[in-house]
Amino acid sequence: MRRREFFGFVAPSVLVMAGLLVLPLYQTIAWSLQRVNYGETGTFVGLDNYTHALTDPRFGQAVLFTVELTLVVVATLIVLGYLLATLVNGLGRSRPFVLGILLVSYVIPQVVGGAMFSWLFNSNFGGVLNFLLSTLLGQDILWFASTWPNRIMVALNTVWSMLPFAMLVILAGLQSVPEEVVEAAQIDGAPTWRLHWNVIIPTVRGTLGFVAIISIMDVLRAFDQLIALSPQAVQLGNESVMLYVFNVAFQDGGQQLGLGSAVNVLLIALICLMLYPFIRGIAREARHA
Amino acid sequence: MTTTTERTRAVADVVPAPPRKRWSARRYLVGGILVLTCWAMLSPVIWTAMSVTKPTDVAFLNPPVFFYQPSLQSFVDLWQTTQFYQYLINTLVVAVISTVVALLIGLPAAYALARMPGWISAVLLIAALIFRALPRFAVVLPMYDLSRALGIYDTTFAVAAALVAINQPFSIWLLRNFFAEIPKEVDEAAMMDGCNRVQTLVRVIIPLMGPGILTAGIFMFLFAFQEYLTATILTDINARTVPVFIATQLGQTLPMLQQAGAAAMLLTLPVIAFAFIAQRYLVAGLNAGSVKG
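Residues numbered from 1 in each chain as written. Chains lettered and ligands numbered in written order. Predicted model: local features only at pLDDT ≥ 70, side-chain atom pairs only at ≥ 80, totals over all residues. Heavy atoms only, no water.

Enquirer: An account of the overall build of chain A is needed here, citing residue identities and associated values.
Expert: Along its length, chain A carries 14 helices and two strands. Over its C-alpha atoms, taken along the principal directions, chain A stretches across nearly 75 × 70 × 30 Å. In chain A, buried positions account for 56% of the 289 residues. Within chain A, residue pairs in contact and separated by at least 24 positions form 67% of the contacts whose partners lie at least 6 positions apart. By element, 65% of the accessible surface of chain A is carried by carbon and sulfur atoms, the whole surface being about 12,800 Å². Side chains of chain A give 14 positive and 15 negative charges; the mean places of these two sets differ by 11 Å. (Helix = DSSP H or I, 4+ residues; strand = E, 2+ residues; numbered from the N terminus. Buried < 20%, exposed > 50% of the residue type's maximum accessible area, 1.4 Å probe, protein only. Contact = heavy atoms within 4.5 Å. Areas by Shrake-Rupley, 256 points an atom, 1.4 Å probe, with all protein chains shown as cover. Lys, Arg positive; Asp, Glu negative; His and termini not counted. Charge placed at Lys NZ, Arg CZ, Asp CG, Glu CD.)

What follows is the structure in structure tokens.
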């Protein structure tokens, strides 16, 4: 392919991304150094927004909550995703049907899935799960008004909506495990758990790492589900980083747009750091080509 | 724990077959766990379906009512008392436009990236990877500012344009991985027969890419259909989409809340059908969309 042709082919896509992704990104970086509101030219304040963010206890709480949520959800996703993929991998004719059902929570918009979860838990709306639990325990759990129950509900919902993705990618990984290796282990009389722990899991390590990285980046950006599930997020300390940005930079008329932009920039830096292994891989591939 | 029958048989040729009873017990156990998992995964949808088909006065009663006379009144109310029809049209317009445009500009770019290795492609692919992982607000808040300045705030055009850009990195990666599976010799043969690059792409390669394009299209449509964050920032009332509508109804009282549930079901049922019909493509896309770096 000639260079001229190459540029012709990528031009429309590059123009769209330059105009609608790079320019806005530049704007965000510029705003992060300003005191500014929508439609105004801001005043330059240097790194004030960054120091404000890093010393704001509310932001600290948001980071803590987001990191905790990420760790719990991603660990659960990997374990459950692996178990579920193993079970589905053994299925025969019923497989497409089971996969179809398991895909449902992936195709439902997250905010709608969150709404559905809230109806399952909310005692004001006769949530069936809340009803069963409170009958069993003899006391009402305040899923929306107390910190930890709310966290558990949010984590459950996040796992629910992301499990199909983890399961499917791991399932594809399992299919690339050579059958001879598994058979050899079985002939040697390895018990099931050893077969998984010493043979299959080391083989699909790369896939599990991939699922972990993608899920980490997705949970770090958690937003939609909190809108539905945590209307009192700020009071409960269950504000995610993205919800914090939304609240300070949009909700109250964008009073602190600079602050929100600074948080965005910090998050981008973190994401680039996490993507580094992938970036290096692509660069290496390009050098060898 | 290979329970596939073929594999069990292959093993059985070599080692004495394990007692039949143990295998079937294991199969029942696996089946039981899977049925329970499926039930748990579906329960929010099932409960919502029940809540919206209850008569309004008992819909959200505590303790919950399990036996009732099913009624579709909430759907009728939704249709008659809200702008749901308009929101649904908005959602579909945004999804269709953004899917078509994303494919039109993404296809040639992905093709070029698959065919020309080198550092320019690597830089573009790395940029696409980073853009794909970006926090939405970092681009959507400036877009809000811009759309206000240009006077296109609260139009389906603005939302569709934003989504084309936001989903472009994913579609490029996905399509590029599909293109890479078509051998270069196909291009060379077509060009030997007198096609230029554009003709090669349009007449020879794209017809071979059918499933790949369908997969990318399905994902673009699904992402646009699901999008909440971008739509809530860029729309007010005229271009509001269904997920935004449902989210705004959540703080409301009973009849409105049941209507939100009805809207959620109307939005959910087609995508559930989709999960079964287009399953093959969803599975393929989730795997090809992965970065194989």
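Enquirer: Please provide a residue-by-residue account of unusual backbone geometry, values included.
Expert: Residues and elements named next belong to chain B. Phi at Asp-154 is positive, roughly 65 degrees, even though this residue is not glycine. The topology assignment puts Asp-154 in the loop between helix H6 (137–150) and helix H7 (156–179). Using a relative accessible area of 11% as the deciding quantity, one classes Asp-154 as buried.

Enquirer: A description of the interface of chain A and chain B should follow, citing residues and the corresponding values.
Expert: Of the residues lining the interface, 99 residues belong to chain A; the matching set on chain B comes to 104 residues. Interface area, chain A with chain B, both sides summed: about 9,200 Å², of which 79% is carbon and sulfur. Interface area lost by chain A to chain B is led by Phe-9, Val-107 and Trp-119 of chain A, which between them contribute 8%. At the junction of chain A and chain B, the tally comes to one salt bridge. Between chain A and chain B we count ten residue pairs in polar contact (both at pLDDT 80 or more) in total. Of the residues contributing to the side of chain A that touches chain B, the split by class is 74 nonpolar, 18 polar and seven charged. (Buried area = accessible area lost by both parts, 1.4 Å probe. Salt bridge = Lys/Arg side-chain N within 4 Å of Asp/Glu carboxyl O. Polar contact = N/O pair within 3.5 Å; in protein donor to acceptor, adjacent residues only side chain to side chain. Nonpolar A, V, L, I, M, F, W, Y, C, P; charged D, E, K, R; others polar.)

Enquirer: Before we move on, could you go through the environment of Leu-72 of chain B and cite the residues and values that matter?
Expert: Residues and elements named next belong to chain B. Structurally, the position occupied by Leu-72 is in the loop between helix H2 (20–53) and helix H3 (73–81). Accessibility expressed as a relative area gives 57% for Leu-72, which makes it exposed. Sequence separation of Leu-72 and Ile-152 is 80 residues, and the distance between their C-alpha atoms is 38 Å.

Enquirer: Describe helix H14 (residues 257–288) of chain A, with residues and values.
Expert: Since the α-helix turns once every 3.6 residues, residues separated by three or four places project in the same direction. In a regular helix each residue adds 1.5 Å, so 32 residues correspond to 46 Å; H14 of chain A covers 44 Å between its end C-alpha atoms and thus fits that length. The axis of H14 of chain A is deflected most strongly, by about 55 degrees, at Tyr-276 of chain A, and proline Pro-277 of chain A appears within four residues downstream. (Expected span 1.5 Å × (residues − 1). Bend = angle between axes of the 7 residues up to and from the residue.)

Enquirer: Now, about the packing of helix H13 (residues 241–251) of chain A against H14 of chain A: what can you tell me, with residues and values included?
Expert: All names here are of chain A. Relative orientation of the contacting elements H13 and H14 amounts to 160 degrees, with a least axis distance of 7 Å. By the angle between their axes, H13 is roughly antiparallel relative to H14. When you trace H13 past H14, the crossing you get is left-handed. Of the residues in H14, those touching H13 at Val-241, Met-242, Tyr-244, Val-245, Val-248 and Ala-249 are Leu-257, Leu-259, Gly-260, Val-263, Asn-264 and Leu-267. Considering only residue class, the contact of H13 with H14 consists of ten nonpolar, two polar and no charged. (Axes fitted to C-alpha atoms, helices over the stretch in contact; angles between N-to-C directions. Parallel < 35°, antiparallel > 145°, perpendicular 65-115°, else oblique. Left-handed = near helix turned anticlockwise from the far one by under 90°.)

Enquirer: Any details on the environment of Leu-267 of chain A? Residues and values, ideally.
Expert: Tracing the backbone shows Leu-267 of chain A in helix H14. You can call Leu-267 of chain A buried: its relative accessible area is 7%. Between the C-alpha atoms of Leu-267 of chain A and Gln-251 of chain A, which are 16 residues apart in sequence, the distance is 20 Å. Not counting the four nearest positions on each side in its chain, Leu-267 of chain A is found in contact with Met-242 of chain A together with Pro-135 of chain B.

Enquirer: Describe in detail the packing of aromatic side chains, supporting the description with residues and values.
Expert: How two aromatic rings sit relative to each other is set out by the distance from centre to centre and by the angle between their planes. According to the stated counting rule, one finds 27 aromatic pairs over all chains in the structure shown. Both rings, one in Phe-223 of chain A and one in Phe-246 of chain A, keep their centres 5.1 Å apart while their planes meet at 65 degrees; by these two values the pair is edge-to-face. Residue Phe-223 of chain A is found in the loop between helix H10 (205–220) and helix H11 (224–229), and its partner Phe-246 of chain A is found in helix H13; the two are separated by 23 residues along the sequence. The exposure class assigned to Phe-223 of chain A is buried, which follows from its relative accessible area of 1%. We classify Phe-246 of chain A as buried; its relative accessible area is 7%. Between Phe-223 of chain A and Tyr-228 of chain B, the ring centres sit 6.3 Å apart and the planes meet at 25 degrees, which makes this aromatic pair stacked. With Phe-223 of chain A in the loop between H10 and H11 and Tyr-228 of chain B in the loop between helix H10 (210–226) and helix H11 (229–234), the pair connects residues from two separate chains. For the pair Phe-223 of chain A and Tyr-228 of chain B, a shared accessibility class is recorded, and that class is buried. Of note, Arg-151 of chain A hangs over the ring of Trp-148 of chain A, and the distance from its end group to the ring centre comes to 4.6 Å. For Arg-148 of chain B, the ring lying beneath its charged end belongs to Tyr-153 of chain B, and the centroid distance is 4.2 Å. (Phe/Tyr/Trp six-rings, centres within 6.5 Å; stacked < 30°, edge-to-face > 60°. Lys NZ or Arg CZ within 6 Å of the ring centre and 35° of its normal.)

Enquirer: Can you explain the nonpolar core? Please cite residues and give values.
Expert: Among the nonpolar cores identified, the biggest contains 197 residues, and Leu-141 and Phe-179 of chain B are the most heavily contacted of them. Setting aside chain neighbours within four positions, we find Leu-141 of chain B in contact with Trp-31, Tyr-38, Val-245, Ala-249, Phe-250 and Leu-257 of chain A together with Ile-233 of chain B. (Core = buried A, V, L, I, M, F, W, Y, C linked by side-chain atoms within 4.5 Å.)

Enquirer: Provide a residue-level description of the pattern of salt bridges, including the pertinent values.
Expert: Pairing is possible between side chains of opposite charge, provided their charged atoms come close. Inspection of the entire model under this criterion finds seven salt bridges over all chains. Between Asp-187 of chain B and Arg-197 of chain B there is a salt bridge, with the nearest N and O atoms lying 3.4 Å from each other. Taken together, the residues span a long stretch of sequence, with Asp-187 of chain B in helix H8 (residues 184–192) and Arg-197 of chain B in helix H9 (residues 197–208) at a distance of ten residues. Considered together, Asp-187 of chain B and Arg-197 of chain B belong to a single accessibility category, that of buried residues. Shared partners join several salt bridges into a network, and the residues in it are Glu-5 of chain A together with Arg-115, Asp-187 and Arg-197 of chain B.

Enquirer: Give a description of the environment of Ala-189 of chain B that names residues and reports values.
Expert: Tracing the backbone shows Ala-189 of chain B in helix H8. Distance from Ala-189 of chain B to Val-204 of chain B, taken between C-alpha atoms, is 9.9 Å for residues 15 residues apart in sequence.

Enquirer: Which residues make up the packing of helix H1 (residues 3–31) of chain A against H14 of chain A, and what values do they have?
Expert: Residue and element names in this part refer to chain A. Interhelical geometry of H1 versus H14 gives an angle of 115 degrees and a closest axis separation of 7 Å. Of the two possible hands of crossing, H1 and H14 adopt the one that is left-handed. On the side of H1, the interface is formed by Leu-25, Thr-28, Ile-29 and Trp-31, while H14 contributes Leu-257, Gly-258, Ser-261, Asn-264, Val-265 and Ile-268. Considered class by class, the residues forming the contact of H1 with H14 number six nonpolar, four polar and no charged.

Enquirer: Before we move on, could you go through the side chain of Asn-157 of chain A and cite the residues and values that matter?
Expert: By the secondary structure assignment, Asn-157 of chain A is in helix H7 (residues 147–175). Those residues within four positions of Asn-157 of chain A in sequence are excluded, and the remaining contacts are Gly-113, Gly-114, Phe-117, Gln-225 and Leu-229 of chain A.

Enquirer: Tell me about helix H5 (residues 110–121) of chain A, residues and numbers included.
Expert: Residue and element names in this part refer to chain A. An ideal rise of 1.5 Å per residue puts 16 Å on twelve residues; H5 measures up with 16 Å between its terminal C-alpha atoms. Of all twelve residues in H5, eleven are buried, a share of seventy percent or more. Among all positions in H5, only Val-111, Val-112, Gly-113, Gly-114, Ala-115, Met-116, Phe-117, Ser-118, Trp-119, Leu-120 and Phe-121 are buried.

Enquirer: Tell me about the side chain of Asn-90 of chain B, residues and numbers included.
Expert: Looking at the secondary structure, you find Asn-90 of chain B in helix H4 (residues 84–115). A distance of 3.0 Å separates a polar side-chain atom of Asn-90 of chain B from the backbone oxygen of Arg-240 of chain B.

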